[in-house]
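Coordinate analysis (summary)
So you can see what is in the structure, the chains are spelled out below.
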Amino acid sequence: MNRIAFITGATSGFGRACAHRFAEAGWSLVLTGRREERLNELREALQDRVPVHTAVLDVRDADEVKAVIDALPEAFAAVTCLVNNAGLALAPQPAQRVSLDDWHTMIDTNVSGLVNVTHALLPTLIDQGAGSSIINVGSVAADAPYPGNHVYGATKAFVRQFSYNLRCDLLGTGVRVTDIAPGLAETEFTLVRTGGDRGAHDTLYGDTTPLGAEDVAEQIFHVATLPAHVNINRLEVMPVRQAWGPFAIDRD
Ligand SMILES: NC(=O)C1=CN([C@@H]2O[C@H](COP(=O)(O)OP(=O)(O)OC[C@H]3O[C@@H](n4cnc5c(N)ncnc54)[C@H](OP(=O)(O)O)[C@@H]3O)[C@@H](O)[C@H]2O)C=CC1
Ligand SMILES: O=CCS(=O)(=O)O
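Here's what I pulled together on the structure shown here.

Rules used in this analysis
Residues numbered from 1 in each chain as written. Chains lettered and ligands numbered in written order. Predicted model: local features only at pLDDT ≥ 70, side-chain atom pairs only at ≥ 80, totals over all residues. Helix = DSSP H or I, 4+ residues; strand = E, 2+ residues; numbered from the N terminus. Rg over C-alpha atoms; globule rule 2.2 N^0.38 Å. Buried ≥ 20, exposed ≤ 12 C-beta atoms within 10 Å, placed from the backbone. Contact = placed C-beta atoms within 7 Å. Arc of directions from axis to C-beta. Near = placed C-beta within 6 Å. Nonpolar A, V, L, I, M, F, W, Y, C, P; charged D, E, K, R; others polar. Pairing = 2+ DSSP bridges. Core = buried A, V, L, I, M, F, W, Y, C linked by C-beta atoms within 7 Å. Axes fitted to C-alpha atoms, helices over the stretch in contact; angles between N-to-C directions. Parallel < 35°, antiparallel > 145°, perpendicular 65-115°, else oblique. Left-handed = near helix turned anticlockwise from the far one by under 90°.

Concerning the overall build of the protein
Tallying secondary structure elements over the protein gives nine helices and nine strands in all. Against the globule reference of 18 Å for 252 residues, the protein gives a C-alpha radius of gyration of 18 Å, in line with a compact fold. Each principal axis of the C-alpha atoms in the protein carries an extent, and together these give about 65 × 40 × 35 Å. Across the 252 residues in the protein, those meeting the buried criterion constitute 40%. Intrachain contacts of the protein at a sequence separation of at least 6 include 70% that bridge at least 24 residues.

Things to note about helix H3 (residues 62-70)
Considered for burial, the residues of H3 that qualify are Val-65, Val-68 and Ile-69. Down the axis of H3, the smallest arc covering the buried residues is 95 degrees, so these residues share one side. For H3, the exposed residues lying more than 90 degrees away from the buried face are Asp-63 and Asp-70. Those residues of H3 hidden inside the fold are in contact with strand E2 (28-33), strand E3 (52-56) and helix H5 (100-128).

Comments concerning the site of ligand 1
Of all residues adjacent to ligand 1, which total 29 residues, the nearest are Gly-9, Gly-13, Arg-34, Ala-86 and Gly-87. Contributions of two or more residues to the shell around ligand 1 are made by helix H1 (13-24), H5 and helix H7 (189-193). In terms of residue count, the dominant contributor to the shell around ligand 1 is H1 (three residues). Across the shell around ligand 1, the residue classes tally to 11 nonpolar, 13 polar and five charged.

Section: the site of ligand 2
Neighbouring ligand 2 are Ser-139, Val-140, Ala-141, Gly-183 and Leu-184. Across the shell around ligand 2, the residue classes tally to three nonpolar, two polar and no charged.

Brief notes about the pairing of strand E1 (residues 4-7)
A two-sided burial pattern is seen for E1, the buried positions comprising Ile-4 and Phe-6 on one face and Ala-5 and Ile-7 on the other. Relative to E2, E1 runs parallel, the two being bridged by four bridges. Bridging across to E2, Ala-5 finds its partner in Leu-29. Pairing analysis gives three bridges linking E1 to strand E4 (residues 81-84), with the strands arranged parallel. Within E4, the residue paired with Ala-5 across the bridge is Cys-81.

Overview of helix H8 (residues 198-205)
The element H8 is barely covered by neighbouring structure, given that only zero of its eight residues are classed as buried. Two residues or fewer after H8 comes Asp-207, characterised by a positive phi angle close to 55 degrees.

Digging into the nonpolar core
Counting residues in hydrophobic clusters, the biggest one holds 61 residues, and the most contacted among them are Ile-7, Cys-18, Leu-29 and Leu-82. The contacts of Cys-18, once residues within four sequence positions are left out, are Ile-7, Val-83, Asn-85, Ala-217, Ile-220 and Phe-221.

Focus on the packing of H1 against helix H9 (residues 213-224)
The contact between H1 and H9 brings their axes to 8 Å, and the two run at 55 degrees. Judged by the angle between their axes, H1 and H9 are oblique. Handedness of the H1/H9 crossing: right-handed. Residue-level contacts link Gly-13, Phe-14, Arg-16, Ala-17, Cys-18, Arg-21 and Phe-22 of H1 to Ala-213, Glu-214, Val-216, Ala-217, Glu-218, Ile-220 and Phe-221 of H9.

What to know about the sheet that holds E4
The strands making up a sheet associate through hydrogen bonds between their backbones, and the pairing can be parallel or antiparallel. The strand order across the open sheet built from seven strands is E3-E2-E1-E4-E5-E6-E9, with neighbouring strands paired in parallel fashion. A strand with exactly one partner marks an edge of an open sheet, and here the two such strands are E3 and strand E9 (234-237). Here the average twist between neighbouring strands, direction ignored, is 15 degrees. Across the sheet, H1 is in contact with E1, E2, E4 and strand E5 (133-137); its angle to E2 comes to roughly 170 degrees. Most of the contacts of helix H6 (residues 150-170) go to strand E6 (residues 176-182), to which it runs at about 165 degrees, and overall it touches E5, E6 and E9.

Shown next as structure tokens:
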């Protein structure tokens, strides 16, 4: 089987680390994201080792998603692994203080964006059959309610259930589906969530040992390269120094 990975959100964090990890193993890569300069840098860094195709892509735009996939050069068209990684959290304030726009942006990116790319690539993945995979980046936030998680966690609960439901429909096609659910991981995630608050980033990841982007990429790569008859339905991965909190109680 040709090994071609299509990675969304490859310009940073887990996506970029996946590009490096899959390249290390000789996969051909389709790398997408909105920031063209970063895509160019990544292509420069990797193209001596493996074939790399980059495309500027905002996953929220279904037409753009389809156009990018329809225009894949022949050598990259037979995608065998979709890493649905593009996503973001915004507005860590309580629900009653956040803007409706921020909620919509999370839904448009984490839910509609993931669905757009999946829908456009499903026929290709089914054509590739056994051994191909869809790896959706969910989150522990899908299951753990916490203040400020509101719509973000809800979008990741969608990712989990969509992944399970896809498994049901894809039974018999050989296409595998995984929801990978990371916990605390140091990337640009918190800078995006807080609108660029470097102090919040440093406080969250300081004095502890979060996951690195490479830790998560390693798990994604592991899932993608398991024997073709093995499907990891969900893989939750946290740093050892993270666990769940107690219930909160409002008292007089
Ligand atoms: N870091 C963490 O603690 C955790 C993160 N996650 C999830 O992991 C995924 C990756 O996040 P992470 O690497 O941490 O964060 P980063 O902010 O470092 O990376 C996010 C990536 O998503 C891309 N992206 C965002 N919006 C869009 C869009 N509309 N269209 C295309 N690409 C987009 C960004 O690219 P660009 O801006 O160039 O478009 C960027 O490459 C997300 O789905 C996130 O929810 C899950 C659990 C834990
Ligand atoms: O998805 C991100 C992990 S967390 O910020 O919700 O813990």
